[in-house]
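So the chains spell out like this:
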Amino acid sequence: MDIRKKSSLRTVFYQYFFSVVIAFFLILLLLYGLLILGFQKGIIYPANQIEQEIFHRKEKIAKSQPFDELLLPKKTRYLLLSKDEEIKKTNMSEEEIKDALSYFQGESVQKNTHHLLIPRNDGSCIIQYPLRAGFTNERLDHMLYSVDRFIFILFVISTLSGFLVISFLFSKRLNKQLRPILDATEEIQKQNLDFQIQSSRIQEFNHILQGISEMKETLKESLEKQWREEELKKEQISALAHDIKTPLTIIRGNVELLQDRLDNEDDQESIHYAIKNIDRMENYLALLIDLTRMDREFTPNFKEIPTDEFLKTATEQMNELIRMKSRSLHFEKGPLPKSLIIDENLILRALLNITANALEYSNKGEITLKVHGNKNIHFTIIDEGSGFSPEDLKYATEGFYCGHNHQRTNHHYGIGLYITKRIAEIHNGRLELENEKTKGAKVSIHIPQ
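Attention here is on the structure that accompanies the text. Just so you know, these numbers come straight off a predicted model, no measurement behind them.

Residues Phe310, Ile347, Leu351, Phe379 and Ile445 are the most contacted members of the largest nonpolar core, which totals 39 residues. Going through the elements one at a time, helix H9 (307-323), strand S9 (339-342), helix H10 (344-361), strand S10 (367-373), strand S11 (376-382), helix H12 (416-426), strand S12 (430-435) and strand S13 (441-448) are the ones with two or more residues in this core. Ignoring anything within four residues of it in the chain, the contact list for phenylalanine 379 reads Phe310, Leu311, Leu340, Ile347, Leu351, Lys370, Val371, Val443, Ser444, Ile445 and Ile447.

All right, on to the pairing of S12 then. The pairing of S12 with S13 spans six bridges and is antiparallel. When the bridges of S13 are listed, asparagine 435 appears paired with alanine 441. Following S12, the chain reverses through five residues before pairing antiparallel with S13.

The next point concerns the sheet that holds S13. Reading across the sheet, the five strands line up as S8-S10-S11-S13-S12 and stay open at both edges, with mixed pairing between neighbours. Edge strands, defined here as strands with exactly one partner in the open sheet, are strand S8 (329-333) and S12. Ignoring strand direction, the axes of neighbouring strands in this sheet form an average angle of 15°. Sitting on the sheet, H12 is in contact with S12 and S13, with an inclination near 135° to S12.

A cluster of nonpolar residues, Tyr14, Phe17, Phe18, Ile22, Leu26 and Leu29, forms a patch on the protein surface that exposes about 680 Å² of accessible area. You can see isoleucine 22 is positioned in helix H1 (residues 9-40).

Across the sheet, four strands lie side by side as S3-S2-S5-S4; this open sheet has antiparallel pairing. Two strands bound the open sheet, and with one partner strand each, they are strand S3 (87-90) and strand S4 (114-120). With direction set aside, neighbouring strand axes in the sheet form an average angle of 20°. Along the sheet, helix H2 (residues 49-56) makes contact with S4 and strand S5 (123-129), crossing S5 at roughly 160°.

Attention now goes to H9. Here H9 contains 17 residues, and its C-alpha end-to-end distance of 24 Å stays within 8% of the 24 Å for a straight helix at 1.5 Å per residue. Residues Thr307, Phe310, Leu311, Ala314, Thr315, Met318 and Ile322 constitute the buried set of H9. One face of H9 carries all of its buried residues, which in axial projection span an arc of 125°. Turned more than 90 degrees away from the buried face of H9, the exposed residues are Lys312 and Arg323. Looking at the buried residues of H9, the elements they touch are strand S7 (303-306), S8, S9, H10, S10 and S11.

Per the counting criterion, the structure on display carries 15 salt bridges. Between aspartate 122 and lysine 88 there is a salt bridge whose closest N-O contact spans 3.1 Å. Here the residue aspartate 122 occupies a position in the loop between S4 and S5, and lysine 88 occupies one in strand S3, the gap between them amounting to 34 residues. With a closest N to O distance of 2.5 Å, lysine 333 and aspartate 308 form a salt bridge. With a gap of 25 residues between them, lysine 333 in strand S8 and aspartate 308 in helix H9 connect regions that are remote in the sequence. Overlapping salt bridges, with partners in common, bring together Lys88, Arg120 and Asp122 in one network.

Between H1 and helix H6 (residues 147-189), the shortest axis-to-axis distance is 10 Å and the interhelical angle comes to 155°. Between H1 and H6, the angle falls in the class roughly antiparallel. Between H1 and H6 lies a crossing of right-handed hand. Within the contact of H1 with H6, the residues separate by chemical class into 19 nonpolar, five polar and one charged.

Reading the values: the criteria
- Residues numbered from 1 in each chain as written.
- Predicted model: local features only at pLDDT ≥ 70, side-chain atom pairs only at ≥ 80, totals over all residues.
- Heavy atoms only, no water.
- Core = buried A, V, L, I, M, F, W, Y, C linked by side-chain atoms within 4.5 Å.
- Buried < 20%, exposed > 50% of the residue type's maximum accessible area, 1.4 Å probe, protein only.
- Helix = DSSP H or I, 4+ residues; strand = E, 2+ residues; numbered from the N terminus.
- Contact = heavy atoms within 4.5 Å.
- Pairing = 2+ DSSP bridges.
- Axes fitted to C-alpha atoms, helices over the stretch in contact; angles between N-to-C directions.
- Patch = residues over 30% accessible without salt bridge, like charges linked within 9 Å, V, L, I, M, F, W, Y side chains within 5 Å.
- Areas by Shrake-Rupley, 256 points an atom, 1.4 Å probe, with all protein chains shown as cover.
- Salt bridge = Lys/Arg side-chain N within 4 Å of Asp/Glu carboxyl O.
- Expected span 1.5 Å × (residues − 1).
- Arc of directions from axis to C-beta.
- Parallel < 35°, antiparallel > 145°, perpendicular 65-115°, else oblique.
- Left-handed = near helix turned anticlockwise from the far one by under 90°.
- Nonpolar A, V, L, I, M, F, W, Y, C, P; charged D, E, K, R; others polar.

Structural data, given as structure tokens:
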């Protein structure tokens, strides 16, 4: 993969930082522009406008007889005192009156309001007014209280929104440049090593991608070598198994001829023992051939088969196997489609494998076969044995697993459930092991249709 020098992560973060700073100042500039436009259009009045109006009307307020409160600008409060400092008239609240009197007596007032004293011939007038910018629209001014507060809230919202938008855009940009790394790791995780690694516009990411590319090629060479060696071993085992079958068949034929010719009881016993061990060797070879066949990719023979016809064949073959052990089969059939799309021979082999296991691990009781489903067909076989151990549930579907309480001398090689699992996978299904609450082991094959 060709690495081209692009921008570094440091540059990307600098761009992000300066984008945030520029956005911050643009927001300030925009808000300042809105404030100026508001003043020009008469939507906003300046902070000292009410104070200026009071000063312009100060003389009229001082000379008006009687006192005319209509001379006062809006948003103002007043307190009219006599020469004896008695309250003559006011529109202030009790708290505001206290503040006004404190101001009149020369004391400081710790409030966000301002006061102005206007002497009159009949006493004094104390005017309380706000010193803040506001909206000329009374309803809007009442809702937002002050322009300062509105601008601050607008600034906070705009700043957060701008920060989130810039963060989202840079996150999207980084994610796009990070995507080749994520795609490469996902492909390697799937064990797919035949893919082209894309490049990134960020230098550090490209270095990582270069390392992944080199690792991928090394891993590919190593795995291909391992796969070739394993495939060669499987082919050799399969070829050897097939080669052994021919002389074994010849040996069986000759031994059976001897069995027909010999009358001596001791000789007959020896011949019987020889045939029994030939059968055992043929079983071993069949297991080896099945194992190598299941481990290789091959094309299954999927066909649409009438459900009742398949189940009849399956139960007949299972019954033949079960009767050899003087046991019985209990069959339960639920709702099913009229036909199944399966490899008939493979599914039959899987059901017989599970049945053989159930017979071997349970000494008594019937074997139950349950079949039901529509979009997913469920084949379940239940025995009345001791069930699976926790270790069995974890490892029983692995090749050559026999468990601690079962030895290969009992003709069990830990291949049956492994082959059954592979058959389920070939049908895009799965094999499930569990323990039936009231009986023993429960093995299910789930196959989609």
